[in-house]
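Observations on the three-dimensional arrangement
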Amino acid sequence: PPVRGPIVPERPPFVRIDGTMRAMKLDPLSGEDTDRLVLDALRPGLADRFRRDGELDTSYHLEGVARFRLNVFTQSDGLGAVLRIIPSEIPEPEE
């Protein structure tokens with residue numbers, strides 16, 4: 001199963017591993033921290049598209065580390081995001 005985690009204001013980042021959601025041992029993110037963390041990761045132009053549409057689905061590549069699917073959204077307490085790791089190799093279907 002993929003590793004994924006939500007990033008939302010006033011909570012520490014979470015990760016879901018094998019179906020179990022776990023808070024990371026970090027301080028809660030402020031709304032400003034969440035905005036900066038997520039929006040600074042976007043390619044040029046995508047932050048403007050998010051501000052216009054209120055949501056965004058895209059991918060993010062961290063060279064030498066991994067690729068991620070990134071879903072950015074607006075909720076009542078501010079901006080939120082969910083990251084999902086994309087495997088570098090596509091697994092073969094099980095027969």
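Residues numbered from 1 in each chain as written. Predicted model: local features only at pLDDT ≥ 70, side-chain atom pairs only at ≥ 80, totals over all residues. Heavy atoms only, no water.

A short note on helix H1 (residues 31–40)
- All buried positions along H1 are accounted for by Thr34, Val38 and Leu39. Across the axial projection of H1, the buried residues extend over an arc of 105 degrees, all falling on one side. Residues Glu32 and Asp40 are exposed on H1 and point more than 90 degrees away from its buried face. (Buried < 20%, exposed > 50% of the residue type's maximum accessible area, 1.4 Å probe, protein only. Helix = DSSP H or I, 4+ residues; strand = E, 2+ residues; numbered from the N terminus. Arc of directions from axis to C-beta.)

Regarding the pairing of strand S3 (residues 20–23)
- Bridge count for strand S2 (residues 14–17) against S3 is four bridges, and the pairing is antiparallel. If you follow Val15 over to S3, its bridge partner there is Arg22.
- Counted between consecutive antiparallel strands, the loop separating S2 from S3 contains two residues, among which Asp18 sits at a positive phi close to 50 degrees. (Pairing = 2+ DSSP bridges.)

Brief notes about the side chain of Thr58
- Along the polypeptide, Thr58 turns up in strand S4 (residues 55–62).
- Assessed through its relative accessible area of 8%, Thr58 is described here as buried.
- Residues in contact with Thr58, not counting those within four places in the same chain, are Leu42, Arg43, Leu46, Phe68, Arg69 and Leu70. (Contact = heavy atoms within 4.5 Å.)

Side note on the nonpolar core
- Counting 13 residues, the largest nonpolar core has Val38, Leu39, Leu42, Phe50, Leu56, Val72 and Leu79 as its most contacted members.
- If you list the elements that add at least two residues to this core, you get H1, helix H2 (46–53), strand S5 (66–75) and strand S6 (78–86). (Core = buried A, V, L, I, M, F, W, Y, C linked by side-chain atoms within 4.5 Å.)

Examining the pattern of salt bridges
- Under the defined criterion, the tally for this structure stands at four salt bridges.
- Asp33 is the partner of Arg36 in a salt bridge, and the nearest nitrogen-oxygen pair spans 2.9 Å. Highlighted residues: Arg36 and Asp33, both in helix H1, separated by three residues, approximately one helical turn.
- Residue Asp48 is joined to Arg51 by a salt bridge in which the shortest nitrogen-to-oxygen separation is 3.5 Å. Placement of both Asp48 and Arg51 in helix H2 is noted, with a separation of three residues, approximately one turn of the helix.
- Through salt bridges with shared partners, a single ionic network connects Glu32, Asp33 and Arg36. (Salt bridge = Lys/Arg side-chain N within 4 Å of Asp/Glu carboxyl O.)

Quick word on the pairing of S6
- Sheet analysis places S5 next to S6, joined by nine bridges and oriented antiparallel. In the strand pairing of S6, Val72 is matched with Ala81.
- Between S5 and the antiparallel strand that follows it, S6, lie two residues.

Structural notes on unusual backbone geometry
- For Glu10, which is not glycine, the phi dihedral falls at a positive 65 degrees.
- Along the chain, the position of Glu10 falls in the loop between strand S1 (4–7) and S2.

Overview of H2
- Within H2, burial applies to Leu46, Ala47 and Phe50. Projected down its long axis, H2 carries its buried residues within an arc of 105 degrees, all on one side. Exposed residues on H2 whose side chains face more than 90 degrees from its buried face are Asp48, Arg51 and Arg52.
- Of the surrounding secondary structure, the elements contacted by the buried residues of H2 are H1, S4, S5 and S6.
- Of the residues one or two after H2, Gly54 is the one with positive phi, at around 80 degrees.

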